[in-house]
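So the chains spell out like this:
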Amino acid sequence: MADELLRPDGSLRPAWRPLIRHLAAQSAETRARAFARGDQYLHDTGVYFRQHTGEGSTERSWPLSHVPVVISGREWAKLSEGIVQRAELLERVMADLYGPGDLVKQGYLPADLVARNPEWLRPIVGVQPRSGHFLHFLAFEIGRSPDGSWLVLGDRTQAPSGSGFALENRIATGRVFHDLFPKANVERLAGFFRSFRDALIGLRAEDGSRVAILTPGQHTDTYYEHAYIARYLGFMLLECEDLAVRSGQLKVRTVAGDEPVSVLWRRLDSRFADPLELDESSALGTPGMVSALRAGAITMVNCLGSGALESRALMAFLPRICEALTGESLKLPNIATWWCGQPSERAYVRDNLHRMLIGPAQSTKLPFDIDAGTALGGRFRGSAHGSVTDWLEREGDTLVGQEAVTLSTTPAMVGDRLVPRPMVVRVFAARTPQGWTVMPGGYARIGRSGDPTALAMQAGGSVADVWITSEAPVASETLARATRGLSCAASRGCCRRGRRTTSSGSGAMSSGPRTVCGRSAPTTCVSRITAPMRCRWWKASPAFSRATGSIRPKSRCRPAFCSSSTSRAAARPRCATASPPMAGARFPILPPRPARSPRAATPATMPPGP
């Protein structure tokens, strides 16, 4: 079994030495206080995930593993080359699946495997993306195999999640190790998000249209991340009901009338996007979305139908497809996979059941997400099944076999001791005008025990930051703007009805998420990274379209102010006039209070940006 902390000979990996020395020099009490700082930040910010049970779903605190996963910059550079190659390969595969279909014609992919894929959407066949590309933002689950090499366990092309949580993990871990992080030469994440934000803005049409993030709504388990990313990048956060297709153009409803949206970062599954041409039972879709995509009126990130690339069975054919399309072998191979619809592959899986994981071919779950319908080591997890061999012979064309790889371990603090726990890392790649760029970090999932099937948060697993360390000093970088003398509402252009202007240069007036500062959304503005400022909670009024910024305050609007040398009265008029008065508002625009004498500034010491 490979280990992230130790080399095969038992010596400490060089990238880990500063962190281990730092932990060893701390007393138990000092370490507990440091961990509490990170937990308190997550609690105050309202970071949560939604845990689903048989009785419904509940909001749970964010399970941060305080010790980050450390990877050297040299090793990460090699990983990045493989990730970029894989991202470009998936782009070419999707272009063929929804275009000429040469991979099927030439025998590189079985036709019935594509046709049976529920995420392959026939209405998208022949659609040419306005940007020229189907894929713009991808995630990959990777793990280290026993021989020390890295493997791709799963491709995330549908609506990859986790990048916002990676940011929050970074900020919380930066508070835990506030004295180590600035001098540990850890690569920053802000540059990655800046490049992707600028790329999305560059994809807009010339009519001054907007960039928006499309969310299924507050009840999805990743809604917090949708709201956080929208606020961090300065984009609108919308649901499908906020949108309408008029004259072939996608529009968002605002108090000033319908305004065009030409770039949509989609965070819901493709089949729900349009009830007219896709899933007619969908209550989340916007009628006409596919027609707007077909007409080239919108750039979709990622394009509808991209979920077809997440199929487990596709991984069995990617090595051969890569050689056919690029003339190269995969630099970052995926876990060994065999589609059991072919006689020779089915026989091989049957003869090696003891080291196989067998499951549905069209499943998008990761290999370690084992349920009752999965066989591991020749045995089912449940007891209501017959022989695995009979199952293979009867339903082989709907099954795949994957090698049961033992994942590497990483240190996690349990009690007052570092113990090894299995882990996987989710890494992210974004398309920019210069090509694919890889986030220098990621989002690690840590098992709660030595069981590699208990990595998911739904199963009790935890998450950790990923530090990519450089041998040279790293410049501090952040997307957050340090604002002095303004309330957090004013610093982000908030008016008292929750309307917000963007700071990204997108030129759009952005309405906040469904609950602008409520329990189901971030409770602090993005500027909290450089200045400790908090918003009051606001509650959306059900009587108005929430996309228009028709917000009713839960209590009288009193934004909290950061320490500054500017009086509250100086900032309040800007907050009150950030957008024009709204017709039909249920509450009046509050006048500014009388001027008061300015307070002395008290500078705050904060950790560097992510």
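Residues numbered from 1 in each chain as written. Predicted model: local features only at pLDDT ≥ 70, side-chain atom pairs only at ≥ 80, totals over all residues. Heavy atoms only, no water.

Participant: For this particular structure, what's the right way to read the overall build of the protein chain?
Facilitator: Counting its regular elements, the protein chain contains 14 helices and 25 strands. Taken across its 610 residues, the protein chain has 57% of its residues classed as buried. Taking all contacts inside the protein chain whose residues are at least 6 apart in sequence as the whole, residues at least 24 apart take part in 72%. For the protein chain, the accessible area works out to roughly 24,500 Å², and carbon and sulfur atoms hold 51% of it. (Helix = DSSP H or I, 4+ residues; strand = E, 2+ residues; numbered from the N terminus. Buried < 20%, exposed > 50% of the residue type's maximum accessible area, 1.4 Å probe, protein only. Contact = heavy atoms within 4.5 Å. Areas by Shrake-Rupley, 256 points an atom, 1.4 Å probe, with all protein chains shown as cover.)

Participant: I would appreciate a short explanation of the packing of helix α6 (residues 163-176) against helix α8 (residues 223-233) in the present structure.
Facilitator: For any two helices packed against each other, one specifies the inter-axial angle together with the distance between the axes. At a closest axis distance of 8 Å, the pairing of α6 and α8 adopts a crossing angle of 75°. Between α6 and α8, the interaxial angle falls into the category roughly perpendicular. Two secondary-structure elements touch here, α6 through Ser-163, Gly-164, Phe-165, Leu-167, Glu-168 and Ile-171 and α8 through Tyr-224, Glu-225, Tyr-228, Ile-229 and Tyr-232. (Axes fitted to C-alpha atoms, helices over the stretch in contact; angles between N-to-C directions. Parallel < 35°, antiparallel > 145°, perpendicular 65-115°, else oblique.)

Participant: I keep staring at the pattern of salt bridges and nothing clicks. Help me out?
Facilitator: Between side chains of opposite charge, pairing is possible as soon as their charged atoms come close. Here the structure, examined in full by the defined rule, presents 23 salt bridges. A salt bridge links Arg-116 to Asp-397, with the shortest nitrogen-to-oxygen separation between them at 2.9 Å. Within this pair, whereas Arg-116 is found in the loop between α5 (111-115) and β4 (137-144), its partner Asp-397 is found in the loop between α12 (388-395) and β16 (399-403), the two being separated by 281 residues in sequence. Given the relative accessible area of 45%, Arg-116 is considered partly exposed. Residue Asp-269 pairs with Arg-271 through a salt bridge whose shortest N-O separation is 3.9 Å. By relative accessible area, Asp-269 is classed as partly exposed at 29%. Each of Glu-4, Glu-75 and Arg-144 takes part in a single network of salt bridges with overlapping partners. (Salt bridge = Lys/Arg side-chain N within 4 Å of Asp/Glu carboxyl O.)

Participant: What is the right way to look at the sheet that holds strand β13 (residues 356-360) in this model?
Facilitator: Two modes of strand pairing occur in sheets, parallel and antiparallel, and in both the strands are linked by backbone hydrogen bonds. Here we have five strands laid out as an open sheet, ordered β12-β16-β13-β14-β15, and antiparallel in their pairing. Whereas interior strands pair on both sides, the edge strands pair on one side only; in this sheet they are β12 (337-339) and β15 (379-380). Pairing geometry for β13 and strand β14 (residues 375-376), over two bridges, is antiparallel. The partner of Ile-358 across the bridge, within β14, is Ala-375. Those strands touched by helix α11 (residues 343-351) are β12, β13 and β16, and its axis lies near 125° from that of β12. (Pairing = 2+ DSSP bridges.)

Participant: Honestly, the packing of aromatic side chains in this entry has me stumped. Any pointers?
Facilitator: The description of an aromatic ring pair uses the distance of the two centres, along with the angle that the planes make with each other. Across all of its chains, the model carries 18 aromatic pairs by this definition. A centroid spacing of 5.4 Å and a plane angle of 85° characterise the contact between Phe-192 and Phe-193, whose relative ring orientation is edge-to-face. Of the two residues, Phe-192 and Phe-193, neither departs from the other in class, the shared state being buried. Each member of the aromatic cluster is reached from another via a ring pair, and the members are Trp-62, Phe-137, Phe-165, Phe-192, Phe-193, Phe-196, Tyr-224, Tyr-228, Tyr-232, Trp-265, Phe-428 and Tyr-443. (Phe/Tyr/Trp six-rings, centres within 6.5 Å; stacked < 30°, edge-to-face > 60°.)

Participant: Mind showing me how you'd approach the environment of Pro-216 here?
Facilitator: Looking at where Pro-216 falls in the secondary structure, it is placed in the loop between β6 (210-214) and α8. A relative accessible area of 22% means that Pro-216 is categorised as partly exposed. Linking Pro-216 and Cys-240, residues 24 residues apart in sequence, is a C-alpha distance of 7.5 Å. Apart from residues lying up to four places away in sequence, Pro-216 is in contact with His-226, Glu-239, Arg-267, Leu-268 and Leu-284.

Participant: In this structure, what is going on with the environment of Leu-243? I would like to understand it.
Facilitator: Looking at the element boundaries, Leu-243 is found in strand β8 (residues 243-246). With 43 residues separating them in the primary sequence, Leu-243 and Thr-286 have C-alpha atoms 6.5 Å apart. Other than its neighbours up to four places away in sequence, Leu-243 contacts Leu-214, Leu-238, Leu-250, Lys-251, Val-252, Arg-253, Val-261, Leu-264, Thr-286 and Met-289.

Participant: I'm lost on helix α2 (residues 28-45) in this one. Help?
Facilitator: Given 3.6 residues per helical turn, the α-helix brings residues three or four places apart onto the same face. Taking 1.5 Å per residue, 18 residues should reach 26 Å; α2 reaches 26 Å between its end C-alpha atoms and fits that length. Those residues of α2 not exposed but buried are Arg-31, Ala-34, Phe-35, Gly-38, Tyr-41, Leu-42 and Thr-45. All buried residues of α2 fall inside an arc of 110° around its axis, so they share one side. Turned more than 90 degrees off the buried face of α2, the exposed positions are Glu-29, Arg-33 and His-43. Those residues of α2 that are buried lie in contact with α1 (17-25), α6, α8 and β17 (409-414). (Expected span 1.5 Å × (residues − 1). Arc of directions from axis to C-beta.)

Participant: Quick question: what am I supposed to make of the pairing of strand β9 (residues 249-254) here?
Facilitator: In the case of a regular strand, side chains alternate between the two sheet surfaces. Burial along β9 is one-sided: the residues Leu-250, Val-252 and Thr-254 are buried and none of Gln-249, Lys-251 and Arg-253 is. Both β8 and β9 contribute to a ladder of four bridges, which runs antiparallel. The residue of β9 that forms the bridge with Arg-246 is Gln-249. Taking the residues that link successive antiparallel strands as the turn, the β8-β9 hairpin has two residues, and the phi of Ser-247 there is positive, at about 55°. The pairing of β9 with strand β10 (residues 257-266) spans four bridges and is antiparallel. Within β10, the position partnered with Lys-251 by the bridge is Pro-260. If you look at the hairpin formed by β9 and β10, you'll find two residues sitting between the two strands.

Geometric values such as these leave the question of function open.
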